[in-house]
Amino acid sequence: MFASDLLQGKRALITGGGTGLGKAMARRYLELGASVYICGRREHVLQSTCNELASATGGEIHAYSCDVREVAAVEECIARIWNDGPLDILVNNAAGNFLARTEDLSAGAWQAVIGIVLMGTINMTTCCGRRWLAEKKSAVVLNIVATYASSGSGSGYVVPSAVSKAGVQALTRSLAVEWGSRGIRMNAIAPGPIPTEGAFSRLLPKKELERLAIDRIPLRRFGTPEELANLAAFLVSDGAAYINGEIVTMDGGEWLQGAGEFNYLGYTMTDVDWEKFKPTKKKG
Ligand code: HXC
Ligand code: NAP
């Protein structure tokens with residue numbers, strides 16, 4: 001899909017890059033010539049991803065354990081990366097989420113998700129941003145949100161995530177304006193459901209729910225990590241240099257189907273049902 005040197009010479013940090021979509025983006029960036037840093041909380045997960053991707057792609061990848069909620073840990077992680085040279089690309093992908101009725105959430109539960117998704121993104125973005133601005137260096141930030149933030153619909157049962165992702169979306173658009181004139185682009189991707197262990201074990205824990213979820217998608221399938229990674233490569237590349245402040249939805253049309261009034265008919269009506277709606281032919 002891309003020239004193999006699309007990201008040659010670029011240095012990228014992907015938070016939560018040890019698993020799922022972060023790992024898929026790390027692989028794609030390496031294949032396209034970038035040097036990649038990944039971070040997350042679990043050292044062993046990061047190390048195993050590092051080893052796997054280094055041998056699969058032959059690219060340069062480093063891993064640092066870092067909890068994005070902790071300002072001091074973020075500062076230390078970014079300082080270690082900058083010791084090798086400044087980053088060109090930051091992908092805020094790390095997230096926490098689970099299904100729960102909102103009335104059951106403790107203050108700690110809210111803090112856990114808001115801390116990772118919203119504050120983690122703010123911590124990483126401001127830490128890198130201050131350095132880029134001081135160095136007058138062009139750079140690009142890509143945030144991974146979710147369609148329940150970008151469609152304006154919100155979502156029950158994942159409310160800490162919905163409010164956090166909406167905040168990340170506001171951060172994306174606000175800083176695209178504030179920092180754009182100083183060479184920093186800021187965009188986001190809003191994916192629909194893409195099977196990963198981290199997301200599906202927490203959010204689609206029963207097989208029957210997967211069927212319901214697929215019926216909500218016009219293309220009648222989930223997205224793939226590779227499709228997400230391709231979009232993520234394009235958006236951080238110089239080829240997308242004029243795209244700034246955009247939230248790109250990648251969901252097979254799911255939220256549009258949910259937004260329309262009668263779209264559910266597509267998976268509830270049979271051919272026989274539709275025949276009954278056809279006008280009856282007048283005699284003579
Ligand atoms: C209610 C819960 C809970 C649950 C945890 N808590 N799970 N409350 N229902 N299912 C509460 C705990 O009781 C605790 O509250 C507080 O949250 C913190 O819990 P810990 O387990 O101590 O937190 P921690 O170890 O920091 O783990 C954070 C986490 C966990 C968010 C709870 O799930 C995690 O590490 N997730 C990372 C990966 C992930 O979530 N990936 C999915 C991303 S998918 P108290 O009051 O006791 O302190 C996604 C978008 C999907 O984001 C969109 C699909 C379309
Ligand atoms: P995942 O595999 O669970 O990824 C989450 C990653 O975040 C993990 O690697 C995790 O590693 C890391 N992380 C969590 N808390 C952290 C913290 N405090 N500090 C640093 N790293 C932390 O799930 P995924 O499906 O790939 O999700 C990736 C992104 O896509 C998320 O932003 C998610 O909201 C978004 N998304 C996913 C889907 C989907 O259907 N898969 C849909 C829409 C949006 P550790 O646990 O080791 O820290």
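The structure presented is a predicted model; accordingly, all values stated were derived computationally and were not measured.

Participant: Looking at this structure, I do not really get the site of ligand 2. What am I missing?
Facilitator: Around ligand 2, the surrounding shell holds 26 residues, and the nearest of these are Thr-19, Arg-41, Arg-42, Asn-93 and Thr-196. Here an oxygen atom of ligand 2 and a backbone polar atom of Ala-95 are 3.4 Å apart. Within the side chain of Thr-196, a nitrogen or oxygen atom sits 2.6 Å from an oxygen atom of ligand 2. Isolated, ligand 2 exposes 870 Å² of accessible area, and the fraction of that covered by the protein chains is 90%. Of all the secondary-structure elements, those providing two or more residues to the shell around ligand 2 are α1 (20–31) and α7 (197–203). Per-element accounting of the shell around ligand 2 gives the leading share, three residues, to α7. For the shell around ligand 2, the per-class residue count stands at 13 nonpolar, eight polar and five charged.

Participant: What exactly am I supposed to notice about the site of ligand 1 here?
Facilitator: In the region of ligand 1, 18 residues are neighbours, and Arg-41, Arg-69, Asn-97, Ser-106 and Arg-202 sit closest. Between ligand 1 and the protein, one listed contact pairs an oxygen atom with a side-chain N or O atom of Arg-69 at 3.2 Å. Contacts to ligand 1 include Asn-97, whose backbone N or O atom sits 2.9 Å from an oxygen atom. For ligand 1, whose unbound accessible area comes to 1,100 Å², protein coverage reaches 58%. If you list the elements that add at least two residues to the shell around ligand 1, you get α4 (107–135) and α7. When residues in the shell around ligand 1 are grouped by element, the largest group, four residues, is from α7. Residue composition of the shell around ligand 1, grouped by class: 10 nonpolar, five polar and three charged.

Participant: In this structure, what is going on with the pattern of salt bridges? I would like to understand it.
Facilitator: Between side chains of opposite charge, a pair can form when the charged atoms approach closely. The full count for this structure, using the stated rule, is 12 salt bridges. Ionic pairing is found between Arg-216 and Glu-254, a salt bridge with its closest N-O pair at 3.2 Å. In this pair, Arg-216 sits in the loop between α8 (207–215) and α9 (225–236) while Glu-254 sits in helix α10 (residues 254–259), placing the two residues 38 residues apart along the sequence. By relative accessible area, which is 40% here, Arg-216 ends up partly exposed. Accessibility expressed as a relative area gives 7% for Glu-254, which makes it buried. Notably, a salt bridge pairs Glu-275 with Lys-278, separated by 2.9 Å at the nearest N-O pair. With relative accessibility at 48%, the residue Lys-278 sits in the partly exposed group.

Participant: Mind showing me how you'd approach the pairing of strand β1 (residues 11–15) here?
Facilitator: Regular strands show a simple pattern: their side chains alternate between the two faces of the sheet. The buried count for β1 comes to five of five residues, which makes it a mostly enclosed element. Of the two faces of β1, the one carrying Arg-11, Leu-13 and Thr-15 and the one carrying Ala-12 and Ile-14 are both buried. Note that β1 and strand β2 (residues 35–40) share five bridges and pair parallel. From the neighbouring strand, Arg-11 faces β2, where its bridge partner is Ser-35. For the segment spanning β1, α1 and β2, crossover handedness is right-handed. Two strands pair when backbone bridges link them, and β1 and strand β4 (residues 89–92) are joined in this way by three bridges, in the parallel orientation. When the bridges of β4 are listed, Ile-14 appears paired with Val-91.

Participant: Is there a simple way to explain the side chain of Asn-92 in this structure?
Facilitator: Position of Asn-92 relative to the elements: it lies in strand β4. Side chain to side chain, Asn-92 and Thr-125 meet in a polar contact 3.0 Å long. A polar atom in the side chain of Asn-92 sits 2.8 Å from the side chain of Asn-143.

Criteria and thresholds
Residues numbered from 1 in each chain as written. Chains lettered and ligands numbered in written order. Predicted model: local features only at pLDDT ≥ 70, side-chain atom pairs only at ≥ 80, totals over all residues. Heavy atoms only, no water. Near = heavy atom within 4 Å. Polar contact = N/O pair within 3.5 Å; in protein donor to acceptor, adjacent residues only side chain to side chain. Areas by Shrake-Rupley, 256 points an atom, 1.4 Å probe, with all protein chains shown as cover. Helix = DSSP H or I, 4+ residues; strand = E, 2+ residues; numbered from the N terminus. Nonpolar A, V, L, I, M, F, W, Y, C, P; charged D, E, K, R; others polar. Salt bridge = Lys/Arg side-chain N within 4 Å of Asp/Glu carboxyl O. Buried < 20%, exposed > 50% of the residue type's maximum accessible area, 1.4 Å probe, protein only. Pairing = 2+ DSSP bridges. Right-handed = clockwise from strand over helix to strand, strands pointing away.

None of this, on its own, says anything about what the molecule does.
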